[in-house]
Amino acid sequence: MMMSAISQKEVLSAADRIEIHELTTAYGVHHDLRDFSSLRRCFTSDATYVMRVAGGPTYGPRVGVDEIVDQIQTFKGSQSDRRRHHISNIQVLPQDSNTATVLSYVIVSAVADQELTFKTVGTYTDTVTRTSEGWRISAKELNLDTGF
């Protein structure tokens, strides 16, 4: 049954929404800093991750936090530039009091030899779940508009 816009907003508190926003941005920060132990804490242990590249390959689904972080480490290991994930337009859509869908945009920039380039843009569709440790990503889908 679809919830009305008013009742949907009441499902999550302002504190929940702030924590979900911070989780969404923490993913990008930990990714960029190559802080893989902190990145692991963004996910549930059984999380899934799929990345689709327009006109290119699909990576995943990766199942479980180990597979997800291993894939990110592999990509990072092949990059000699300094990348930044700029995550914006974060929209939290509660499904119930313990689950929400989070839609956001991502722009990935890179600096190499003092030159700034934009590598790709795309969208994230995340499912976040309330756990005993707080909100965590239980499913992440990345759809890139171009290669990276």
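It should be noted that the structure appears before, not after, this text.
Residue numbers here run from 1 along each chain, matching the order of that chain's written sequence. Given that the model is predicted, a residue must reach a pLDDT of at least 70 before its local features are reported, and side-chain atom pairs must reach 80 or more before they are shown or counted; all residues, however, enter totals for whole chains, interfaces and linings. Here the side-chain values reflect all heavy atoms present in the structure, with hydrogen atoms and water set aside.

The distinction between a cavity and a pocket rests on a 1 Å grid over the protein atoms alone: a 1.4 Å probe fits inside a cavity but cannot get out, while a pocket stays open yet meets protein on both sides within 12 Å along at least five of seven lines, and a residue with an atom within 4 Å of a point counts as lining. Grid points are joined across faces, edges and corners, and a volume is the space filled by probe spheres set on the points. On inspection of all chains with the given rule, the structure shows 1 cavity of 30 Å³ or more. Estimates place the volume of the largest cavity at around 220 Å³. Considering the residues around the largest cavity, the lining is formed by 18 residues, among which H31, M51, H85, L142 and F148 are closest to the centre. Here a strand is any run of E in DSSP of at least two residues, a helix any run of H or I of at least four, and the numbering for each starts at the N terminus. Counting residues per element, the lining of the largest cavity draws most heavily on helix α4 (residues 65-77), at 4 residues. Each residue is assigned to one of three groups, with Ala, Val, Leu, Ile, Met, Phe, Trp, Tyr, Cys and Pro labelled nonpolar, Asp, Glu, Lys and Arg labelled charged, and all others, Gly among them, labelled polar. When the residues that make up the lining of the largest cavity are grouped by side-chain class, the tally is 11 nonpolar, 5 polar and 2 charged.

Turning our attention to the packing of aromatic side chains. Any two rings among Phe, Tyr and Trp, with Trp reduced to its six-membered ring, count as a pair given centres within 6.5 Å; such a pair is stacked if its planes are under 30 degrees apart, edge-to-face if over 60, and tilted if neither. Per the counting criterion, the structure on display carries 3 aromatic pairs. Ring plane angle 85 degrees and centroid distance 6.1 Å describe the contact between Y27 and F43, whose orientation is recorded as edge-to-face. Placement of the pair is Y27 in helix α2 (residues 14-33) and F43 in strand β1 (residues 43-53), with a sequence separation of 16 residues. Like Y27, the residue F43 is buried in the burial classification. When a residue's accessible area, from a 1.4 Å probe over protein chains only, is under 20% of the maximum for its type it is buried; when over 50% it is exposed; and in between it is partly exposed.

A word on the pairing of strand β3 (residues 82-96). When DSSP finds at least two bridges between two strands, those strands are taken to pair. In this structure, β3 lies alongside strand β4 (residues 99-112), joined through 12 bridges in antiparallel fashion. By the bridge assignment, L93 is partnered in β4 with T101. From the end of β3 to the start of β4, which pair antiparallel, there are 2 residues.

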